[in-house]
Amino acid sequence: MNTDTGIFSQWKRYPWRMLAALLFIFLSESLKHIFEVLKGELINLIGGATQGNLFHTALLLVLSMAGIPLLFYLYTRLFYTIQALCMRDLRQSVFEGILRHSYPAFLKHNEGHYSNAYINEINALETAYFSSVYGLLQIVAAVSTAMYFLYRIAPQIIPFSIAALIPALLLPKCTGKRVVADEKAAIAANEANIARLNEYLDGIETILNFGQAAHFLKKFGWSTHAYFQKRVRWFAAMSASFRSTEILLSLYNIVCILIVAQFVAKGSLHVGGYIAALGIMNNISSQIPYTTYYLQQLKSARAKLDYIHSIADYAEPVREGGTAIKAVEEIRFDQVSFRYPDAQQPLFEDLSFDIKSKGVTLISGQSGSGKTTLSSLLLRYCPVEAGSIRINDIPLEDISNLNSLISIMRQESVFFDASLKENLSMFRDMPDERILSLMKVLGLDKYASKKALHAPVGSYSDGESKRMMLARALLCDKDITILDEPLANLDAESIQYVENALREAADKIILVISHQELNIPLAQQIHNFFAGGGKAAAC
């Protein structure tokens, strides 16, 4: 998506607020110039150069002085309201974009990629983009109104005033590519730094337990230093453009003073007009250096916007055709081979089996033999190296509704900030009685009441949490349910509750991936079929 179109679509949602903000800033900048004109007029009246009402002019001068901050306050308040609304919409669109990813597409980036976009880049965008727009609107209003007043006072000054804008507009053009490149490099370094932090936070217990804090602190220091170097380089590029413009404008101010002084010496301009013209030109020249800064910031913001919109505007590729399966009758692995990208040996080769019966199918094998990888292949999180996986004799890649056919329970327990019922039903409309009945089968009697069900989630033991995750998976009305090590770290009593629940779930295909045996009737058992070597890992 075009970045500018993306960000301006945010502005277009609030046109009346934006028009009102523009009105207030143009009025505020006009009053600044009117103040300079009235100041010059007052000096002329005092010196007798012109005739008029001294009190009336002084009163207008005071009123303009009071009106400037009031109008500027109204502009600022409206603009920052629009900014807050745009930030709210942008954050929402980033999360919506994340949810539009299929899980395999989501896994192409680490968590730092998404959290960096949502937190750091959007926060930085407030400074880099919105603050620049805020300042540029003020400069545009100041310059355009100044040209009108200068034309009324001394038209000869207009060419010199326009000349002051040239360096401010040319410098960002000359250094823009470097600024954008440096900003992209800084974003990449920041993303890597956040990913490294998340990695170490996940393993903080292991780091401390093995007394390796110093080692990991050193490695993290390399990551933060890399980000520091990229950011310093970006600041240097920005600062060079800003200071260069300041030097040029200092020379411009000297030239303008000499030119206007000549008009006064020739008698074509009163002293009051001289003071007014210099005041208005000072209003322009004091802001023009920031034009360079703001334009550079906008160029820099393009990298942030590209980064954010790569997530916010994400859309899954639309596949033409595809078959929607109404009910799963059969799962077939036909001579499937798979290896991880960095592995020399395949995890398994020529793997073939069929699952045709509803009920529990136990997939067993040693740790690292590829049991969990098998579920990732069935979910299409990983592509097979050779062979095919079919449901109802249709290749997985040709099934248009694969996600609606399969649910999975992972080994980790995940709860959301909501009621227990909402967590178990995953926010679907479901009778309390159905949930309570299953909870009793799973031995969760102390939570099997409507009061507990509708209360916020609390703290549960590992065994209780695992059984709640099993309840969530079994309550999901999909034809295939994958349970990844549902018995791991459970005591004998909890295992019996799990087996009771699985015994009653005979209306769907349940694939239990476990290195432990089940003491229930099985529809099928698949074990020790992994011929390859190598170490299994998550895709």
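For clarity, every value in this text was computed on a predicted model and none was experimentally measured.

Asker: Explain the overall build of the protein to me, please; I cannot follow it from the model alone.
Answerer: The helix and strand inventory of the protein stands at 17 helices and nine strands. Counted over contacts in the protein with a minimum sequence separation of 6, partners at least 24 positions apart contribute 79%. Accessible surface for the protein amounts to roughly 27,700 Å². Of this, 58% is attributable to carbon and sulfur atoms.

Asker: Teacher, can you tell me more about the sheet that holds strand S2 (residues 348–355) here?
Answerer: Read from one edge of the open sheet, four strands run S2-S1-S4-S5, paired in antiparallel fashion. Every other strand in the sheet has two partners, leaving S2 and strand S5 (394–395) as the edge strands with one partner each. Packing of helix H12 (residues 371–378) onto the sheet brings it into contact with strand S1 (331–338), S2 and strand S4 (386–391), and relative to S1 it is tilted by some 115°.

Asker: Is there a simple way to explain the packing of aromatic side chains in this structure?
Answerer: The geometry of an aromatic ring pair comes down to the distance between the two centres and the angle between the two planes. On inspection of all chains with the given rule, the structure shows 19 aromatic pairs. Between the aromatic rings of Tyr-200 and Phe-216, the centroid separation amounts to 5.0 Å while the plane-to-plane angle is 85°, which identifies the pairing as edge-to-face. You can see Tyr-200 sitting in helix H7 (residues 165–202) and its partner Phe-216 sitting in helix H9 (residues 213–265), a full 16 residues away along the chain. A relative accessible area of 23% means that Phe-216 is categorised as partly exposed. Centroid distance Tyr-447 to Tyr-460: 5.2 Å. Interplanar angle 90°. Geometry classified as edge-to-face. Of this pair, Tyr-447 sits in the loop between helix H14 (432–441) and helix H15 (450–453) while Tyr-460 is found in the loop between H15 and helix H16 (462–475), placing the two residues 13 residues apart along the sequence. Each of the two residues, Tyr-447 as well as Tyr-460, counts as buried. Chaining the aromatic ring pairs together yields one cluster made of Phe-72, Tyr-75, Phe-79, Tyr-80 and Tyr-134. Lys-32 extends its terminal NZ or CZ atom over the ring of Phe-72, reaching a point 5.9 Å from the ring centre.

Asker: Mind showing me how you'd approach the pairing of strand S3 (residues 359–364) here?
Answerer: Here is the key point about a regular strand: its side chains alternate between the two faces of the sheet. Across the six residues that make up S3, a large majority, six, are buried. As defined by bridge partners, S3 adjoins strand S8 (residues 509–513) across five bridges and the pair is classed as parallel. Directly across from Ile-363, in S8, lies its bridge partner Ile-513.

Asker: Sorry, what's going on with the pairing of strand S7 (residues 480–484) here?
Answerer: Extensive coverage of S7 is indicated by the burial of five of its five residues. Residues Ile-480, Ile-482 and Asp-484 line one face of S7 and the alternating positions Thr-481 and Leu-483 line the opposite face, and both faces are buried. In this sheet, S7 lies alongside strand S6 (residues 406–409) in parallel orientation, the contact comprising four bridges. Counterpart to Met-409 in the pairing with S7 is Leu-483. One ladder, built from five bridges, connects S7 with S8; its direction is parallel. Note on S8: the bridge partner recorded for Ile-480 is Ile-509. Taken together, S7, helix H17 (residues 492–504) and S8 form a β-α-β motif whose crossover is right-handed.

Asker: I would appreciate a short explanation of the packing of helix H3 (residues 54–100) against helix H11 (residues 288–312) in the present structure.
Answerer: Packed helices, taken two at a time, are described by their axes: the angle between them and the distance between them. In contact at an axis separation of 7 Å, H3 and H11 are set at 50° when each is read in the N-to-C sense. Considered as vectors, H3 and H11 are oriented oblique to each other. Within the contact between the two elements, H3 uses Leu-90, Ser-93, Val-94, Gly-97, Ile-98 and Arg-100 and H11 uses Ile-308, His-309, Ile-311 and Ala-312. Looking at the contact of H3 with H11, its residues break down into six nonpolar, three polar and one charged.

What counts, and at which threshold
- Residues numbered from 1 in each chain as written.
- Predicted model: local features only at pLDDT ≥ 70, side-chain atom pairs only at ≥ 80, totals over all residues.
- Heavy atoms only, no water.
- Helix = DSSP H or I, 4+ residues; strand = E, 2+ residues; numbered from the N terminus.
- Contact = heavy atoms within 4.5 Å.
- Areas by Shrake-Rupley, 256 points an atom, 1.4 Å probe, with all protein chains shown as cover.
- Pairing = 2+ DSSP bridges.
- Axes fitted to C-alpha atoms, helices over the stretch in contact; angles between N-to-C directions.
- Phe/Tyr/Trp six-rings, centres within 6.5 Å; stacked < 30°, edge-to-face > 60°.
- Buried < 20%, exposed > 50% of the residue type's maximum accessible area, 1.4 Å probe, protein only.
- Lys NZ or Arg CZ within 6 Å of the ring centre and 35° of its normal.
- Right-handed = clockwise from strand over helix to strand, strands pointing away.
- Parallel < 35°, antiparallel > 145°, perpendicular 65-115°, else oblique.
- Nonpolar A, V, L, I, M, F, W, Y, C, P; charged D, E, K, R; others polar.

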